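What follows is the residue order along each chain.
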Amino acid sequence: MAEEQRLNTVLAGLGSWLPPTVVTNAELMSAVMDDFVRRRIGIARRHRVSDGEATVHLATEAGARALASANVSRVDALILATTTPDRLCPAGAPEVASRLGMIGAPAFDLNAGCSGFLYGCELARGLIAAATAGTVLVIGAESCSTVINPQDSSTAPIFGDGAGAAVLRRAEPGEPATFGPSVWGSDGTLADAIAIPAGGSRRRTPAPDLGGADAYLHLRGAEVVRNAVKRMSAAAIAAAEAARWSLEDVDVLVAHQANAAITQAVAATLSFPTARMPTNIEHVGNTAAASVPILLAHAASDGAIKPDQRVLMVAFGSGLSWAATTARWPHALTPHR
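Residues numbered from 1 in each chain as written. Predicted model: local features only at pLDDT ≥ 70, side-chain atom pairs only at ≥ 80, totals over all residues. Heavy atoms only, no water.

- Within an unreviewed UniProt entry, the label attached to the protein chain reads 3-oxoacyl-[acyl-carrier-protein] synthase-3, and the organism entered is Streptomyces syringium.

As structure tokens, then:
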């Protein structure tokens, strides 16, 4: 097999799942705050897990839909990107694999914040290129509502729950690749800009004097916005250049749905028309690692992404982490929402 063909990876299936419980702005905040959140952040409602549900449940639902979209019943490996695991130990991916009828398949969790899905896709491409796997299921799933302090106005209105998934496979001889080069990176000097301080090995239990607040997600808003715009814009440019595209060549830019202000600032920085940037944040909120695959499934099923179009995907999240990649959208793909 020629080297170039060995590296070719195809997007074969795409699925998403949103829990049925919907929480509107009116249920969380005053009318004045509702108006601000709609105008500035772009969110009117979000989905929330119900009692008895968590990230593994969401991941299983989305994974099943991606497998059906690809018309396969199992894959060679499974990667679950999440920042909200059901438990610190064990990883959730093996349980997802077993629920999908794939006991024995290698499965592991990946935590790269909101960049997790794109990180997972790059790892899947590596597994395929190395002939370690011929097919990989990559899932981004988050139960963000479980780590949000309802009293924190900087996070409570923003985040939603959900999952998106993709089946990647090795291209057949002569079949064009879906994915182009990826650009990814991190900056751990800002690790505490988006963080849950308590619960890990560094601080196992919440500090008594904080009333449990450090068990929830904290973010430094202005710093996060500034870095998100900077890093996503630079990564998008670099990924396009690596694919030998200009930004004018890009038909659709799929950006992590952090908030509307960030998306608009990225568009302005890149001089990219917002009409070619699909969005669903109004209805789903920020779903972290699930954001990009959910938006891909929604945009493709709604016709906002069409076969053979040039698609640029970019994300930014905790870590800090960022990633971008290009794709030539495949013809034989029917997303399952």
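Once the structure has been displayed, the description carries forward.
**Remarks on a nonpolar patch on the surface**
Turning to step 1, where the next piece is worked out: There is a patch of nonpolar side chains on the surface, built from Phe108, Leu123 and Trp184 and spanning about 260 Å² of accessible area.
Turning to step 2, where the next piece is worked out: Here Leu123 is to be found in helix 5 (residues 116-129).
Turning to step 3, where the next piece is worked out: Overall, Leu123 belongs to the partly exposed group, its relative accessible area being 33%. (Patch = residues over 30% accessible without salt bridge, like charges linked within 9 Å, V, L, I, M, F, W, Y side chains within 5 Å. Areas by Shrake-Rupley, 256 points an atom, 1.4 Å probe, with all protein chains shown as cover. Salt bridge = Lys/Arg side-chain N within 4 Å of Asp/Glu carboxyl O. Helix = DSSP H or I, 4+ residues; strand = E, 2+ residues; numbered from the N terminus. Buried < 20%, exposed > 50% of the residue type's maximum accessible area, 1.4 Å probe, protein only.)

**A short note on the sheet that holds strand 13 (residues 321-328)**
Turning to step 1, where the next piece is worked out: Taking strand neighbours across the sheet as the criterion, the four strands line up as 8-13-12-11 in an open arrangement whose pairing is mixed. Only two strands of the sheet have a single partner each, and these edge strands are strand 8 (179-186) and strand 11 (252-255). The mean inter-strand angle of the sheet, taken between neighbouring strand axes irrespective of direction, is 10 degrees.
Turning to step 2, where the next piece is worked out: Relative to strand 13, strand 12 (residues 310-317) is paired through eight bridges, and the arrangement is antiparallel. Bridged to Ala315 within strand 13 is Ala323.
Turning to step 3, where the next piece is worked out: Its contacts with the sheet put helix 6 (residues 221-242) on strand 8, strand 12 and strand 13, and the angle it makes with strand 12 is roughly 150 degrees. (Pairing = 2+ DSSP bridges. Axes fitted to C-alpha atoms, helices over the stretch in contact; angles between N-to-C directions. Contact = heavy atoms within 4.5 Å.)

**Notes on the packing of aromatic side chains**
Turning to step 1, where the next piece is worked out: Going through the model one piece at a time under the given rule, you end up with one aromatic pair.
Turning to step 2, where the next piece is worked out: Ring geometry for Tyr119 and Trp184: centres 4.8 Å apart, planes at 65 degrees, overall edge-to-face. Of this pair, Tyr119 sits in helix 5 while Trp184 sits in strand 8, placing them 65 residues apart in sequence.
Turning to step 3, where the next piece is worked out: Overall, the relative accessible area of 15% leaves Tyr119 in the buried class.
Turning to step 4, where the next piece is worked out: For Trp184, a relative accessible area of 38% translates into the label partly exposed.
Turning to step 5, where the next piece is worked out: Against the face of Phe272 rests Arg276, its NZ or CZ located 4.7 Å from the ring centre. (Phe/Tyr/Trp six-rings, centres within 6.5 Å; stacked < 30°, edge-to-face > 60°. Lys NZ or Arg CZ within 6 Å of the ring centre and 35° of its normal.)

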